[in-house]
Structure formats: structure tokens, C-alpha cells
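# Chain and residue survey
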Amino acid sequence: MKKNKLIIAQKAGYMLSRATLLTAAMLFSTTSCKDLLEEVPISQVGSQYASTTNGFESVVKAAYSSLREYYGREGAMTLTVFGTDTYTMGADGSYKYMNQYTSQVNAQVDIIRDLWNALYKAINTINVALDASGSIPGLDETTKKRRVAELKFLRAHHYFILVQNFGSVSLLTKGNLLPAKEYKRDPVKDIYAQIVSDLESTLADLPNSYPADNYGRVTKGAAEHLLAKVYLTKATDKDAAAADDFAKAATYAQNVIKNYSYSLLPDFASVFAQGAGEINSEVIMATQYTSEPITDIGNGFNSTTTNTVTINGNQTHLYFVVEYEAYAGMQRDIANGRPFRRFMPTPYMLNVVFAEKDRVNDSRYKKSFKDTWLSNNPSKTTPIFDNSKTSLKFTAGDTAIFIPGYEMSLAERAKRRYQVLVPSQYRPNLFPQLQKFVDPLRPNAGYEPGSRDFIMFRLAETYLIAAEALIKQGKAADAVPFINAVRRRAAWPGKQADMEITADQATMAFIMEERERELAGEMNRWYDLKRWGNLVERVKAYNPDGAPNIKDYHTLRPIPQDQLDRTAGGMTAYPQNPGY
């Protein structure tokens, strides 16, 4: 069981900070305006508290907790995995309209509203702490600079999420301790300028690493990785791009690769090993979770409530799991997971990104997707989906379901003593299941909160960021070593040379597929497609559920109605994004 001092302190600090700080409840809260104006202004106590050494440290830790409002949560997973070229909707009914791009995608959508609120509340907590940081008695200068750098990183991170989703947003850099109604949308170029300024200012004060009891804090490597990604994205935004953005993205990515102790793990699958394996040489930064409920209490916007205690957790283990328990030989258990069958890979994902012909060299299809279920309920002999057989008999531990990943013949399937699911029989409740996020350490089969960390940044992505930035500068030959480093690691033993590419193959088309082979499900794809300017084009081409309705305006999310209602002047002062 992982026990981490920082995560415990984060939760304690977050609860305390929520009790003493308004944390942007002024305008961005989900309560009514009347409630806002009647709230007791205890925020002044929060300001005083943040000005003490212990209080300041607690508020800094509180700011980290906001990462758990985003990474590994239902809302953000839906916004980043759904509605792309590689994932469409499975049988589960929740938020299908986000994948279909129907008129239900509007300013009232709760997961969009909750993302907005959570990030702005966190930004205000950060701003309050930064405002207080100049005069804190008893806090040594080195520690103060480091904590300020951590806060600026988190603020930059949150604004990066906001600007990618919403475009022009409110740029707030001072703590707000009282209700307010006067807000405006600031230019995208100003948002990016603040993000870059915050991140670059951290580099002098962040350490390369921390002692084990502070694992999870921001490091200099994490800041450089995020800077590389920010510049890569900024370069493609017509309202913010500068001529040297791709060059800076390449430089920062190469700094991460060359100047720190990070290294690719020898085995792709081991990156996602639960427990101690989540802390490894490839992980640059992770959002931490824990299996101890008392340290995982909070009020995140996706949570499980037990009696009067609200327990958050990493929920990614739920959304890719298929309905295995409905079929012969199987029942739900902890090891195989709780099936929400939310995200179903598209044919493009399975047939092109993970093309069958490539799997002889590339281990990532086999290691990314679960293909075998062992019988845990031998007495259950129906139903049978495999049309090659009419009866089945199992003993415990026998193979019950196998997904070969290709169209095995009827005759060959008939020889097997188990059901074989071939591509022609994939269905919204039964399909190749991404297994990166499984969580067999949950206490029971129905338990929703997961305890595994969510990997935010890892070195394999840094290599691919460097490669993309170089390709965009016309330096394909320079990009090849970075791509090949990732591909050699992904190779089956003895196949490393077969996985290498040459300069003429180092194209953006190749990067678009290579990123998904490496990073499938890791909350990147929607942002990738938006950055490449082909979200609409690729959804139309490869996502049949989203194709009929997606429009150009869907490259931005709607500004939440709550925000519009609580701004003096409404939409006149705070315009809605076009199309909504």
C-alpha cells in the first residue's frame, strides 16, 4: 500500500484551505448569486492564514490537490478521449453526446462547468498564496522561492488546460477574497504569455528531484516538459504563435531528455505496473492517489460518497472495461475490473494505428489491450457470443474469452475450447479493452475510487514532442533518433532494428499515429487533434458516431452558463464561444 506524506498533507491542506478561503467562489462557484452575497466573508481569515509559515505550506499543498480534479476523473477523461478519431462510445450511456457532438454539447454540460470551476478555484488559491508569499516570517528564502515556483507551475498548467479548451478566458493573477461580478475574456496571446512567463520563471528555483517523502512535487524536469508542450501548442494557435515556438519546444524537450536522470523503462508494459512501478525513471510527474480513504477525502466533481464521507479516486480503471462478466465462464471480480464500457476503440485505432502487420515487431498492441479472460465462474455456461460453438465447459482458470485481434476463421475458432471474439463480432459492450489503467488493488469488485497514480508526463512523450517540433522545422533527420528511441523500447525482443524508421518516414502523418500507439487513453488525443488542426476532419473520417454532427466550432468548448449568468453584463461582457 502506497503511503505518501505529500498526498496526505495535500488533502489536509486542501480541506483547510476550502474552509478558510473563498477560492474564487465569487463568480466561478456553482452556488447562486444570492448565496454568494450572503456568504460570511471568512476569506480574510484565509489571507491571514496563508501569511503564516504553516499556513503557506498548507495552501501550497492544497494547490496540488486540484490536479486530482482533472487527471484520472470522469469529466476530463470524457473531454479528452471521447469524440476523437481513435475512441468512440461503448454501451454505457453517460455523456455519449460528447462523442456525437449533438446540440446537447452546450453551456449547461456539467463536466464542462465543473472543469471550469475546479480550475478557477485552484487558480484563486494559488494567487492568494502567491500574494502572501512576499512576507512570511520564518520561511527561509530558498524554500519560499521553491514554493512560489511550484505555485506558478500549477497556475500555468491550469491556464494551459483552460486556453486549449475555451480559447480566450479570464486571466487572473491576483487572489480574490471577496465576491465579484466584473470579469472579461483576455486575449489568447496574453494567456499564453502568462503561461510561458510562469513556467520559465520556475526554472531557476525548482530542484531536479525531491526526497521520497516529497515525491509528487513539481521538478525542473516537469516544468521543462510542460514548456515544451506549451510551445508546441502555442506554435499552432493563430492568435498566439511566434516564429521560434517550434524551436523552443524542441529545445525544452531535449533538455528534459539530456539533462536529467529520466530514462525509458526497458519494457513498455512496466510503465503501467501498479504500486511501486508507478514511481520509475520514466515518470516525470504524476497526480498521486492513495488507497487510504482518510487521505483521499475531498469534494472533487466525480467522487464516491460513503455515509457522510466523500472519497475521490482515480477513475480511469472504469471506462475502458468491457462487459466480460455477462458471458459464459465469467463473473465480475476485482482483478478483471468494474465494466463501465464507456470508451470503445474505433476501427481506425485497431486497424491502422495498431495495424495487424505491425504487431509482429511492435509489442504495444499486445501490451496495451487485454486479450484473455480466465474463467472465474465455471458453472456458468451461457450466453455464448462465438458462433463457432454451441456449448462450453470450463474448470476454474481455463481461458473463457480470447480476443486474437484478427479475423480468425470459423473452423479455427471451433477448435478452441473457449469463446473467441473476432473483429466482425465486436460490439459496444465487448471489444479490445485498454488495460493501462486496471486497478486490482481496490477493496471489492464494485468499488469505484482507484488508488493508482495518474501519470501526467512521461519521458516517451517528451521524445515524441521533440520529434514533432523538429519535423515542424523541416528537420526530419534530427527527429529520427527521438522516434526510434521510443520504437526500439516498444519492440519485441530481437525486433529493435525492424522498428526503426528513416528520415523519409519521419512525417507528421507518422507522428499522428505514433503518439497514439504510445499514449492511447492518456488524456492527450483531443488536444493533439486540435493542435494539428484536424479534429473535425479526422472525426468525420474515422469516428462514425461523431461524423454527422461535428462542426468547426467544436474545437472550443462552450463557456459555462454559470459564468455568463454571474458576470455583470452577461454575454455582452463575456461573449459565448461561436456556435453555442
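Look above for the structure.
The shown structure was predicted, so the numbers you read here are calculated from the model rather than taken from an experiment. The residue numbering used here restarts from 1 in each chain and proceeds along that chain's sequence as written. For this predicted model, a pLDDT threshold of at least 70 governs which residues receive local features, and a threshold of 80 or more governs which side-chain atom pairs are given and counted, while totals over whole chains, interfaces and linings are taken from all residues. The side-chain quantities take in all heavy atoms of the structure and omit both hydrogens and water.

### Comments concerning the overall build of the protein
Each helix corresponds to a stretch of at least 4 residues labelled H or I by DSSP, and each strand to a stretch of at least 2 residues labelled E; elements are numbered beginning at the N terminus. Each helix and strand counted, the protein has 24 helices and 11 strands in total. Relative accessibility decides the category of a residue: with a 1.4 Å probe and only protein chains considered, values under 20% of the type maximum give buried, values over 50% give exposed, and everything between is partly exposed. Taking all 580 residues of the protein together, 61% fall into the buried category. Long-range contacts, defined here as pairs at least 24 residues apart, represent 72% of the contacts in the protein between residues at least 6 apart. Only the protein chains shown count as cover for residues, and the accessible areas themselves come from Shrake-Rupley with a 1.4 Å probe. A total of about 21,400 Å² of accessible surface is found on the protein, and carbon and sulfur atoms cover 53% of it. Whether two residues are in contact is decided by their heavy atoms, any of which lying within 4.5 Å being enough.

### Some points on the environment of Glu 356
Its location among the elements puts Glu 356 in the loop between helix H14 (347–353) and helix H15 (364–368). Between the C-alpha atoms of Glu 356 and Gly 405, which are 49 residues apart in sequence, the distance is 7.6 Å.

### Observations concerning the packing of helix H17 (residues 459–472) against helix H20 (residues 508–519)
For every element, the axis is a line fit to its C-alpha atoms; helices are fit only across the contacting stretch, and the angle between N-to-C directions ranges from 0 to 180 degrees. Interaxial distance between H17 and H20 falls to 11 Å at its minimum, and their mutual angle equals 170°. When the axes of H17 and H20 are compared, the pair comes out roughly antiparallel. On the side of H17, the interface is formed by Ala 460, Glu 461, Leu 464, Ile 465, Ala 467, Glu 468, Ile 471 and Lys 472, while H20 contributes Met 508, Ile 511, Glu 514, Arg 515, Glu 518 and Leu 519. Each residue is assigned to one of three groups, with Ala, Val, Leu, Ile, Met, Phe, Trp, Tyr, Cys and Pro labelled nonpolar, Asp, Glu, Lys and Arg labelled charged, and all others, Gly among them, labelled polar. Taken together, the residues that form the contact of H17 with H20 break down as 8 nonpolar, no polar and 6 charged. Oblique is the label for any angle not covered by the other classes, which are roughly parallel (under 35 degrees), roughly antiparallel (over 145) and roughly perpendicular (65 to 115).

### Some points on the packing of H17 against helix H18 (residues 476–490)
In contact at an axis separation of 8 Å, H17 and H18 are set at 155° when each is read in the N-to-C sense. As far as their axial angle goes, H18 and H17 are roughly antiparallel. The chirality of how H17 crosses H18 is left-handed. Contacts from Ala 460, Tyr 463, Leu 464, Ala 466, Ala 467, Leu 470 and Ile 471 in H17 reach Ala 476, Asp 478, Ala 479, Phe 482, Ile 483, Ala 485, Val 486 and Arg 489 in H18. Partitioned by chemical class, the residues of the contact of H17 with H18 number 13 nonpolar, no polar and 2 charged. Crossing handedness: left-handed means the near helix sits turned counterclockwise from the far one by under a right angle, and right-handed means the same turn made clockwise.

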